[in-house]
Amino acid sequence: MFTVPQTIGSVLCCKCGMLMQPNAANMCAKCLRSEVDITEGLQKHVVIIHCPECESYLQPPRTWMKMQLESKELLTFCIKRLKNLNKVHLVHAEFIWTEPHSKRIKVRLRVQKEVLNGAVLEQAYTVEYVVQDQMCESCTRVQANPDQWVAAVQLRQHVSHRRTFFYLEQLIIKHDEARNAIRIKQMDQGIDFFLEARNAIRIKQMDQGIDFFFVNRSHAGKFVDFVGEVSPIRKRNDKQLVSHDPKSNNYNYKYTFSVEICPVCREDLICLPPKVAATQGNLGPLVICTKVTNSIALLDPFTLRHCFLNAEQYWRAPFKALLSSRQLVEYIVLDIETISSEVVGGSKYAVADAQIARVSDFGKNDILFNVRTHLGHLLNPGDYAFGYDLYGANSNDIELDRYKGLVLPEVILIKKSYEEKRQRKRNKPRTWKLKSLNMEIDNSTRGRDHEEKMNAEYEQFKRDLEENPELRFNISLYRNKEYQPSEMASETDGEDIPSIQIEELLDNLDLSDEEMEGGILKD
Amino acid sequence: MATRLQFENNCEVGVFSKLTNAYCLVAIGGSESFYSTFEAELADVIPVVKTSIGGTRIIGRLCAGNKNGLLLPHTTTDQELQHLRNSLPDSVVVQRIEERLSALGNCISCNDHVALTHPDLDRETEEMIADVLGVEVFRQTIAGNILVGSYCAFSNRGGLVHPHTSIEDLDELSTLLQVPLVAGTVNRGSEVIASGLTVNDWTAFCGSDTTATELSVIESVFKLREAQPSALVDEMRKSLIDTYV
């Protein structure tokens, strides 16, 4: 369709006579602005309250929000504090630079409003905010008594090693569960968590566990639930009256959660009590614990049957491990013959007959053992393996005595050993490293060689991580910046020790802000 | 010369009056000052007639006329028709027409030679216009508005149209009407020209909100300024001073 092009002519502004394009008011912008001030009635001076300790601003009546100067959140907050802004339409807002110590914040706003007969006028104006300093309630409380806690979680596990706590520590870091802890105290057999809202102060590492301190009972409860999801626990909670206001009937308590993790760990050898064995279908009394999450996975190495016990089932009839990973002995495999293979719970096992000798005996005497093992899929002649030496062990277990006529095997092999290959790599650093929680160490009940023991256990934990991909599943590993890959490439030979691929590693992000804020993570 | 006035504190003088070269109609107002202003300007030259149409006072928008005739809507009562026939000179033909669009002042804009009408006007009405008013009739729109009688006002010497009229439209209308046209406003930026302004060949009346700028535009396009210097100064003073404090 042919349309005539329309050029808009110009008219004179009805006030000043200036040539302009016709608009709804037929006045030039200047005349219109002199006639009508759309910013009339809008606030130009506002007072906002700021806490100098934690850099947060008060949103009345009681919310304190942490915001940086000249940030988007602060801009939103400043605009929200203006009343009457709904009468005009806000188009643009930005900060005007002010000296940080001047206690003034300036915001330039551009607003639009319809005036006269349909003309939309846009005008910019500045709002000045006076910042007044006032300490927020949480900072006041911290200043008054920095160690005050309301809820504490004491985590204990009565075993002689600390593998569970290393693993738990990594899980906590990954899930950021300790962001609410003010203090984490590592005790001898467990961990105490005292939970506090968002401001971690310190974490104390005792000999038998860790204590965490928090300020909110609900945070403590959430933390206990989290631990319950990753290991089978038994818990109880108590409260202690701190103060009481008879007039308004307010009672202030200190809450304590006592959490005990079951003492059965991975790779433990267990003799099941007869009752438990019967409920699980007469599972052979000797079982190996293969995995501990919120339930315990037990595997019978000779029949390759497995079962799961969850927390309640375990604690109804608790049992201890017969032998645990500290008592593992190294063996060398001389001959192996597979009998059958099966897939059990996602991993492939094969029952095999093996001829093995202790590494300490090998070459010195002729003591050989013929044993049945479930590691047929892994072992080849000439391999090294770790196992429990039942032949030489003096077990003092009540459960074992209950089984009359039980023939104990001489050795039960648990896992393959990469010891020899590790010798070669002894001094080479790993490609990855772990973060750790910032814990206080309670040095009261320490022995002199405790440090070395701790380091050896940590090293063992790292090896476990390398060998077991399923263990790594829940943990974040970080790239080690000091690692030199070039040297390693030249050293590869036939069978490598299991190592963690580079792709699995997270780049070590420098989350310095978060770390300062959290205060409980350190590299 | 352009005069600023108000009808009962309302600046839309084109609604309450109709000015042509042969006569002037005014509405019956609460006070006599409206009528007396017209009289002061026009009494010796042309008759100024007070009337109502269909019982209403918005006579400027209901009727359309020039020196040759006057057209009235079907709502005009017989008494009003008779009164008008009696008061106006014999050369003016007064005719009542049957038309669906009864606000003839909004639909028809005319001078003594040409008329612009609403595009939807009946054929008979168009013929009647050509007959009674003795003009050439063109159906047009102004700046996209069909109410041509409201958005433009023109005399035999010039015309003022809606401010949003494009240049092409302005040229087209100008060639049709054979008078110079300008796009402008009246009554401090109001776009409804004909309701704020009523004009003939030598004088104009507009609402008191009209600014000095608008007044100067009106005077220049309708060629109302006389040549004598003293008159010029007087007129300029009138148009330059907005309000007396």
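Our subject in this report is the structure included herewith.

Calculation notes
Residues numbered from 1 in each chain as written. Chains lettered and ligands numbered in written order. Predicted model: local features only at pLDDT ≥ 70, side-chain atom pairs only at ≥ 80, totals over all residues. Heavy atoms only, no water. Helix = DSSP H or I, 4+ residues; strand = E, 2+ residues; numbered from the N terminus. Buried < 20%, exposed > 50% of the residue type's maximum accessible area, 1.4 Å probe, protein only. Contact = heavy atoms within 4.5 Å. Areas by Shrake-Rupley, 256 points an atom, 1.4 Å probe, with all protein chains shown as cover. Pairing = 2+ DSSP bridges. Axes fitted to C-alpha atoms, helices over the stretch in contact; angles between N-to-C directions. Salt bridge = Lys/Arg side-chain N within 4 Å of Asp/Glu carboxyl O. Phe/Tyr/Trp six-rings, centres within 6.5 Å; stacked < 30°, edge-to-face > 60°. Lys NZ or Arg CZ within 6 Å of the ring centre and 35° of its normal.

Scanning chain A from N- to C-terminus turns up 13 helices and 29 strands. Per-residue burial over chain A gives 45% buried out of 523 residues. Pairs at least 24 apart in sequence give 63% of the contacts found in chain A among residues at least 6 apart. Total accessible area on chain A stands at roughly 28,400 Å², and carbon and sulfur atoms take up 48% of it.

What follows covers the environment of A:S56. Residues and elements named next belong to chain A. Within the secondary structure layout, S56 lies in strand β4 (residues 56-59). Taking the C-alpha atoms as reference points, S56 and M67, 11 residues apart in sequence, are found 5.7 Å from one another. Beyond its immediate chain neighbours, meaning those up to four positions away, S56 contacts I49, H50, C51, W64, M65, K66, M67 and C136.

This next bit is on the sheet that holds strand β2 (residues 17-19) of chain B. Residues and elements named next belong to chain B. Sheet architecture is open: 3 strands sit in the order β2-β3-β4, paired in mixed fashion. Looking at strand neighbours, the two that pair on one side only are β2 and β4 (48-51), the edges of this open sheet. Averaged over all pairs of adjacent strands, the angle between strand axes in this sheet comes to 20°, irrespective of strand direction. Pairing between strand β3 (residues 24-27) and β4: 4 bridges, direction parallel. Its bridge partner lying in β4, V26 is registered against K50. Contacting β3 and β4, helix α4 (residues 78-87) runs over the sheet at an angle of about 170° to β4.

Applying the stated criterion across every chain, the model contains 19 salt bridges over all chains. Close ionic contact of A:D238 with A:R236 constitutes a salt bridge, the shortest N to O distance being 3.0 Å. Note on A:D238: relative accessible area 38%, which makes it partly exposed. Close ionic contact of B:R96 with B:D78 constitutes a salt bridge, the shortest N to O distance being 3.0 Å. Remark: B:D78 occurs in helix α4 and B:R96 occurs in strand β7 (residues 93-96); sequence separation between them is 18 residues. A residue is classified by how much of its surface remains accessible, and B:R96, at 27% relative accessible area, is partly exposed. B:D78 gets classed as exposed once you look at its relative accessible area, which sits at 51%. What emerges from the salt-bridge pattern is a single network uniting A:R163, A:R266, A:E267 and A:K415.

All right, on to the packing of aromatic side chains then. Scanning the entire structure with this criterion turns up 16 aromatic pairs over all chains. Measuring from centroid to centroid gives 5.0 Å for A:Y314 and A:F319, while their planes differ by 75°, and the two rings are edge-to-face. A:F319 matches A:Y314 in its accessibility class, with the two residues each being buried. Seen in terms of ring centroids, B:F34 and B:F38 are 5.1 Å apart; in terms of plane orientation they differ by 70°. Their pairing is edge-to-face. A residue pair is termed a helical-turn pair when its members lie 3 or 4 positions apart in one helix, as B:F34 and B:F38 do in helix α2 (residues 33-42) at 4 residues. Here a set of aromatic residues connected by ring pairs shows up, and it is made of B:F7, B:F16, B:F34, B:F38 and B:F205. Positioned above the aromatic ring of A:Y255, the side-chain terminus of A:R217 is 4.8 Å from the ring centre. Cation over ring: A:K239 sits above A:Y253, and NZ or CZ is 4.7 Å from the ring centre.

Residue and element names in this part refer to chain B. Strand order in the open sheet formed by 3 strands is β11-β12-β13, and the pairing between neighbours is mixed. The strands lining the two open edges of the sheet, one partner per strand, are β11 (152-154) and β13 (181-183). Across this sheet, the average inter-strand angle for adjacent strands is 15°, counted without regard to direction. Bridge count for strand β12 (residues 159-161) against β13 is 3 bridges, and the pairing is parallel. Note that in β13 the partner of L160 across the bridge is V182. Strands β11, β12 and β13 of the sheet are contacted by helix α8 (residues 167-177), whose axis makes an angle of about 150° with β13.

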